[in-house]
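# Results of the structural survey
Each chain is listed here by its residues.
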Amino acid sequence: MTLVRATTAAAPRFPTTRYQGSKAKLADWIWRQLAPLGFDSCLDAFGGTGAVAWRLRREGKQVTYNDVLRFNHQFGRALIENRGVRLDDEDVSFVLEARRGVRYPRFVQDHFAGIYYTDEENAFIDRAVTNVRALGDRYKRALAFFALCQACLVKRPYNLFHRKNLYLRLADVPRTFGNKVSWDRPFEAWFRHFAAEANAAVFDNGRRNRALNLDARAVPGRYDLVYVDTPYVSGRGQATDYFGLYHFLEGLADYDRWEERLDRASRHRRLLPPRVGATVPGRSAFAHARGVHQAFDELFARWRDAVLAVSYRRDGIPSAPELAALLRRHKRRVRVLHYGRYRYALSKARDSGELLLVAS
C-alpha cells in the first residue's frame, strides 16, 4: 500500500489554537523523537487540539484520536478522521445567516447575558450553533463547530471561561494585556477566518483514521504506539481542569442537554459535575495529585503491548523519575527526553520544562 503524504505544493497547515496546554508548537519535536521507532498504527489517547495526532497523520501513520470531552471530539472528527470534506462558501453562509422559517433557540441569550459576550454576540452563538447542527454532513458539522469554538475562544480574555469577566473587554481603560482588536472583531469575521484555517488542515493520508470520545482506559483495539498527554498536575498539586476551563464549549457540543446540565448557582454558569461514579472529564484521577500515580500505572498496564510515549512537565506530579519508574513496571527500556525550557501561556512556573518519556 502506498502511503499518501502531504506535498510541498499543497501542504496542509494545522490551525492556530488558543487551547491551554496544546502541543502545536512541540509537535515537530515530538515527531523527531518518535520517528526512529518504526511504528505504523498509533493512538493519541488524550487528543486535545489534535496537534500531535495531526502531525503523525502527516507522516502516513494510521491514527486514532481520542478525547473524553465532546467538543474536543468534534475537533478530532474535523481534523483527524475527516479525509477530504471541506466547508464551501454556501456552507459558511448557511451557518452565518438567519434562515427563514427557523425559530432559533435563546439558550445562550437567556442564561449567559453579561457573562462572556454581549447580547448581540450571544444571539449570534445561538443562531450559529443551531445552523451548524443542521448541516447535512457530519464532517462539515465538525469543521463548522471547530470554527465556531475558535471564534468563541479568540474573543475571550485569557481564551478561557473560568470567570465572569466580560467587563475586561468592554471597559474603557488603558490595557496592559489582551488584544482589543481581536475582541472587537465581529464573530462572523472570526468564523470565516477559522473555517478557512480548518479547511487548510484537511488532507487524506491514504489511511482510515478515526476520532473517539471515550475514557482513555476504555479505548478498544491494539496499536503500535500510544501517545499520552494527560491533564497536568503541578508540583503544588494543582490540576488543569479542562472541564471547568472550557465548560462553555462543552455545553455548545451538548446543546440539547445544556439546560439540564447547567449549574445555575455558579456565577459563570458552569456545568454540573456528573452523577457520583460517572467519569468527570478533566477531573479524572489524572487531575488529582492523590490518585495520579495509580491512574498512570493503570493506563500503562492497559497499553503494555504498545510503545508508550508520554508528554509531561518537569515540575509536575508525578516527577520524571517517578513516571519512569512506573513505566519500567511494564516496559523494559525507558528514555527520558528533555525539550528544554518551555513556558505555556498563562503559566507562572519558572522551572518548567517539557519532557517526553518513551518506553519500549
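Quick note: structure is the one above.
Conventions used here
- Residues numbered from 1 in each chain as written.
- Predicted model: local features only at pLDDT ≥ 70, side-chain atom pairs only at ≥ 80, totals over all residues.
- Heavy atoms only, no water.
- Helix = DSSP H or I, 4+ residues; strand = E, 2+ residues; numbered from the N terminus.
- Buried < 20%, exposed > 50% of the residue type's maximum accessible area, 1.4 Å probe, protein only.
- Contact = heavy atoms within 4.5 Å.
- Areas by Shrake-Rupley, 256 points an atom, 1.4 Å probe, with all protein chains shown as cover.
- Pairing = 2+ DSSP bridges.
- Polar contact = N/O pair within 3.5 Å; in protein donor to acceptor, adjacent residues only side chain to side chain.
- Salt bridge = Lys/Arg side-chain N within 4 Å of Asp/Glu carboxyl O.
- Core = buried A, V, L, I, M, F, W, Y, C linked by side-chain atoms within 4.5 Å.
- Phe/Tyr/Trp six-rings, centres within 6.5 Å; stacked < 30°, edge-to-face > 60°.
- Expected span 1.5 Å × (residues − 1).

Across its full length, the protein holds 15 helices and seven strands. Within the span of the protein, comprising 360 residues, buried residues form 55% of the whole. In the protein, the proportion of contacts linking residues at least 24 apart, taken out of those at least 6 apart, comes to 75%. Carbon and sulfur atoms make up 47% of the accessible area of the protein, which amounts to about 16600 Å² in all.

What you see with strand S4 (residues 225-228) is no split at all: Leu 225 and Tyr 227 on one side and Val 226 and Val 228 on the other are buried throughout. Bridging between strand S1 (residues 41-44) and S4 involves three bridges; their strand directions are parallel. Within S4, the residue paired with Cys 42 across the bridge is Leu 225. Of the strand pairs in this sheet, S4 and strand S5 (residues 307-313) are connected by four bridges, and their pairing is parallel. Residue pairing for S5: Tyr 227 is matched across the bridge by Ala 309.

Further remarks concern the side chain of Gln 109. Following the sequence through the fold, Gln 109 ends up in helix H5 (residues 107-111). Taking the relative accessible area as the measure of exposure, Gln 109 reaches 18% and is therefore buried. A polar contact is formed between the side chain of Gln 109 and the side chain of Arg 106, at a distance of 3.0 Å. Non-local contacts of Gln 109, meaning those with residues more than four positions away in its chain, are made with Asn 122, Ala 123 and Asp 126.

Scanning the entire structure with this criterion turns up 25 salt bridges. With its nearest N and O atoms 2.6 Å apart, the salt bridge here joins Glu 59 to Arg 55. Judged by relative accessible area, Glu 59 falls into the buried class, the value being 13%. Via salt bridges that share partners, Arg 70, Asp 254, Arg 257, Glu 260 and Arg 261 belong to a single interconnected network.

Another aspect to go through is the environment of Asn 199. With respect to the helices and strands, Asn 199 occurs in helix H10 (residues 187-201). Along the chain, Asn 199 and Ala 78 lie 121 residues apart, while their C-alpha atoms are 9.1 Å from each other.

Here we take up the nonpolar core. Generally speaking, nonpolar side chains in soluble globular proteins are found buried as a group. One finds Cys 152, Phe 248, Leu 249 and Trp 258 to be the most contacted residues of the largest nonpolar core, which totals 78 residues. Among the elements that make up this core, the one with the highest residue count is helix H7 (residues 138-154) (12 residues). Excluding anything up to four places from it in sequence, Cys 152 contacts Tyr 117, Ile 125, Phe 161, Phe 187, Phe 248, Leu 249 and Leu 252.

Given two aromatic rings, their pairing is described by the distance between the two centres and the angle made by the two planes. According to the stated counting rule, one finds 30 aromatic pairs in the structure shown. An angle of 80° between the planes, with centres 5.6 Å apart, marks the rings of Phe 71 and Phe 75 as edge-to-face. Of this pair, Phe 71 and Phe 75 both sit in helix H3 (residues 70-81), separated by four residues, roughly a single helical turn. Of the two residues examined, Phe 71 and Phe 75, each falls in the buried class.

Moving on: the side chain of Gln 33. The residue Gln 33 is located in helix H1 (residues 27-34) in this model. A distance of 3.0 Å separates a polar atom in the side chain of Gln 33 from the backbone oxygen of Trp 29. Non-local contacts of Gln 33, meaning those with residues more than four positions away in its chain, are made with Arg 335, Leu 337 and Leu 356.

Quick look at the environment of Val 336 now. With respect to the element layout, Val 336 can be found in strand S6 (residues 334-341). For the pair Val 336 and Ser 311, spaced 25 residues apart in sequence, the C-alpha to C-alpha distance is 10.0 Å. Setting aside residues up to four positions removed in sequence, Val 336 forms contacts with Ala 324, Leu 355, Leu 356 and Leu 357.

The terminal C-alpha atoms of helix H6 (residues 119-133), which comprises 15 residues, lie 22 Å apart, in line with the 21 Å expected from a rise of 1.5 Å per residue. When you tally the buried positions in H6, you get 11 out of 15 residues, the bulk of the element. Taken residue by residue, H6 has Glu 121, Asn 122, Phe 124, Ile 125, Asp 126, Arg 127, Ala 128, Val 129, Thr 130, Asn 131 and Val 132 as its buried positions.

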